[in-house]
Amino acid sequence: MEPTRRSRPCTAPLPAEPRRGAPLRVALVGIGSAATRAHLPALDAASAADRITVVGVCDPDADRRNAVIAAHSGARGFAENDAMLEATRPDLLVIATPPSVHLGEMAAAVARGVHVLCEKPLGLSEADVATLQSLVSGHRDLALATVHQYGHAIAWQWLARAAAGAVRAGEPFTVDVTVERPGTDPLSAGGWRADPEHEGGILGDHAVHYLALLRLLDPACAVLSCRREGPGGRETATVEVRAGQAGRARVGVSYAGSRRRNVVRLERPQQCLEMTWTDGTLSIVHDGRESREHVVGSLSDRTFVNALYAPMYEQVIAGLTDRSWRADACAQTVGVAELLATALRMAQ
């Protein structure tokens, strides 16, 4: 969708902490494919459980707005985000607009004391990171969280625990990631993935999920190198990252593939442990003994990835009343944005 660039004077900020036990008032800006396939079904589930109520939706396309309003009693539709924030006074703004306008929508929310859950990516440039840092430091009691739903997949959590053990022990370990896609998402309404110079491209679409994992493992992790080749919509990229005292990760992502495929491989030599997650199966080799293959969800399966939004929302809803969770969410948002901005700069 095209962003709204006008800004209006705002009223006094709302209280940063929602009332405990009351349904969370949620507004959504951007009704593209991410909203319709993932955010709204998860919000519907939370609404049915009386955890949230959708009070407003914003999109310049009236047909999109009206379709959502028809399914959400009490929700109001708006063509401009500022108008929606003023009229509905939500507790949480969900941002599902193109990446290049995320910061503007976020700034409008925090100026009014509204928490934010923003689609990835954030951190398209070092200037964007500086702006994001300023928003966080100027609104320390608000949550500025980013959508990184992969962390709610069971296989992802198993791999993350194994890698976290290596970080704690100071052991060497490697993480090798391969993401293959035959072009950009054909269901995407906005086409931002094919515009790497302005919207982050494949690094902001796929690699950023793994940067988020590595930053959780080690907040001091660092991008060592990044290479990117090919035109928008058919680009490939490789990011090298250091994590822990002796950990290394290689994240290879491609829009020029022949199929949809995700492979994540972890090796901890000192523990004689290998874990390989290839689409819908996870294999584990420990001390030379191979376990049976575990059938798991696949990150190349859109239905599975969309379903991960429901537990993500449960975490967000519970976390907004916890000051330490809000602080951690902000730190993770800024940290991952810094990693992505560094990778994009190196790839130029």
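Our structure is the block above this text.
Residues numbered from 1 in each chain as written. Predicted model: local features only at pLDDT ≥ 70, side-chain atom pairs only at ≥ 80, totals over all residues. Heavy atoms only, no water.

(A) Representation of the overall build of the protein. On a plain count of helices and strands, the protein comes out with eleven helices and 15 strands. Relative to the 2.2 N^0.38 estimate, which gives 20 Å for 348 residues, the radius of gyration of the protein is 20 Å and therefore close to what a compact globule would have. Each principal axis of the C-alpha distribution contributes one length, and for the protein these read about 60 × 45 × 35 Å. Here the protein, with 348 residues, has 56% of them falling under the buried criterion. (Helix = DSSP H or I, 4+ residues; strand = E, 2+ residues; numbered from the N terminus. Rg over C-alpha atoms; globule rule 2.2 N^0.38 Å. Buried < 20%, exposed > 50% of the residue type's maximum accessible area, 1.4 Å probe, protein only.)

(B) Broad picture of the packing of helix α3 (residues 81-88) against helix α4 (residues 102-110). Look at α3 against α4: their axes get within 10 Å of each other, and the N-to-C directions meet at 25 degrees. With respect to α4, the element α3 is oriented roughly parallel. Of the two elements, α3 crosses α4, and the hand of that crossing is right-handed. Here Asn81, Asp82 and Leu85 of α3 come into contact with α4, specifically with Glu105, Ala108 and Ala109. (Axes fitted to C-alpha atoms, helices over the stretch in contact; angles between N-to-C directions. Parallel < 35°, antiparallel > 145°, perpendicular 65-115°, else oblique. Left-handed = near helix turned anticlockwise from the far one by under 90°. Contact = heavy atoms within 4.5 Å.)

(C) Inspection of the pattern of salt bridges at higher detail. What the rule picks out here adds up to 19 salt bridges. Here Arg268 makes a salt bridge to Glu171, at a shortest N to O gap of 3.0 Å. Note that Arg268 is positioned in strand β11 (residues 256-268) and Glu171 in the loop between α6 (154-169) and β7 (172-182), a separation of 97 residues in sequence. The exposure class of Arg268 is buried, given its relative accessible area of 10%. Of the charged contacts, one joins Glu274 and Arg265 as a salt bridge, the two residues approaching to 2.9 Å between their closest N and O atoms. In this structure, a network of salt bridges that share partners links the residues Arg37, Asp185 and Arg302. (Salt bridge = Lys/Arg side-chain N within 4 Å of Asp/Glu carboxyl O.)

(D) Geometry of helix α5 (residues 126-138). Taking 1.5 Å per residue as the helical rise, α5 with its 13 residues ought to reach 18 Å, and the 18 Å between its terminal C-alpha atoms agrees with that figure. For α5, every residue scored as buried is listed here: Val129, Leu132, Leu135 and Val136. Down the axis of α5, the buried set is contained in an arc of 120 degrees. They therefore lie on one face. Across α5 from its buried face, at more than 90 degrees, point the exposed residues Ala127 and Gly138. On its buried side, α5 packs onto α4, β6 (144-146) and α11 (323-347). (Expected span 1.5 Å × (residues − 1). Arc of directions from axis to C-beta.)

(E) Quick look at the packing of α5 against α11. The geometry of α5 relative to α11 is characterised by a closest axis approach of 9 Å and an angle of 170 degrees between their N-to-C directions. In terms of axis orientation, α5 runs roughly antiparallel to α11. Seen from α5, the contacting residues are Glu126, Val129, Leu132, Gln133 and Val136; seen from α11, they are Cys330, Thr333, Val334, Ala337, Glu338, Ala341 and Arg345. Among the residues forming the contact of α5 with α11, the class breakdown is seven nonpolar, two polar and three charged. (Nonpolar A, V, L, I, M, F, W, Y, C, P; charged D, E, K, R; others polar.)

(F) The arrangement of the sheet that holds strand β5 (residues 115-118) in detail. Pairing within the open sheet is parallel, and its six strands lie in the order β3-β2-β1-β4-β5-β6. If you trace the sheet from one side to the other, it starts and ends with β3 (76-78) and β6, each paired once. Averaged over all pairs of adjacent strands, the angle between strand axes in this sheet comes to 25 degrees, irrespective of strand direction. Here strand β1 (residues 24-29) runs beside strand β2 (residues 52-58); their pairing, made up of six bridges, is parallel. By the bridge assignment for β2, Val26 is matched with Val54. Of the strands in this sheet, β1, β2, β4 (92-95) and β5 touch helix α10 (residues 309-319), which is tilted by about 165 degrees from β5. Helix-sheet contacts for α11 involve β5 and β6, and the interaxial angle to β6 is about 55 degrees. (Pairing = 2+ DSSP bridges.)

(G) Looking closely at the side chain of Arg215. Note that Arg215 resides in helix α8 (residues 201-217). Of the side chains with opposite charge, Glu338 lies nearest to the buried Arg215, which makes no salt bridge, at 6.4 Å. A polar contact of 3.5 Å, which involves the side chain of Arg215, links it to the backbone oxygen of Ala331. Each residue touching Arg215, except ones within four places of it in the same chain, is listed here: Cys221, Ala331, Gln332, Gly335, Val336 and Leu339. (Lys, Arg positive; Asp, Glu negative; His and termini not counted. Polar contact = N/O pair within 3.5 Å; in protein donor to acceptor, adjacent residues only side chain to side chain.)

(H) Region of interest: the nonpolar core. If you look at the biggest cluster of nonpolar residues, it comprises 54 residues, and the most contacted ones within it are Leu203, Tyr210, Val239 and Trp277. Setting aside residues up to four positions removed in sequence, Leu203 forms contacts with Val208, Cys226, Arg228, Ala237, Val239, Leu340, Ala343, Leu344 and Ala347. Grouped together as the second largest cluster of nonpolar side chains are 30 residues, Ala35, Val94, Val147 and Met312 included. (Core = buried A, V, L, I, M, F, W, Y, C linked by side-chain atoms within 4.5 Å.)

(I) A look at the packing of aromatic side chains. This structure, assessed with the given rule, holds three aromatic pairs. Ring geometry for Tyr150 versus Tyr210: centroids 6.3 Å apart, planes at 70 degrees, classification edge-to-face. Of this pair, Tyr150 sits in the loop between β6 and α6 while Tyr210 sits in helix α8, and the two are 60 residues apart along the sequence. Assigned by exposure class, Tyr150 and Tyr210 land together as buried. Between the aromatic rings of Trp156 and Tyr210, the centroid separation amounts to 5.2 Å while the plane-to-plane angle is 40 degrees, which identifies the pairing as tilted. (Phe/Tyr/Trp six-rings, centres within 6.5 Å; stacked < 30°, edge-to-face > 60°.)

Purely spatial values, then, with no claim about function.
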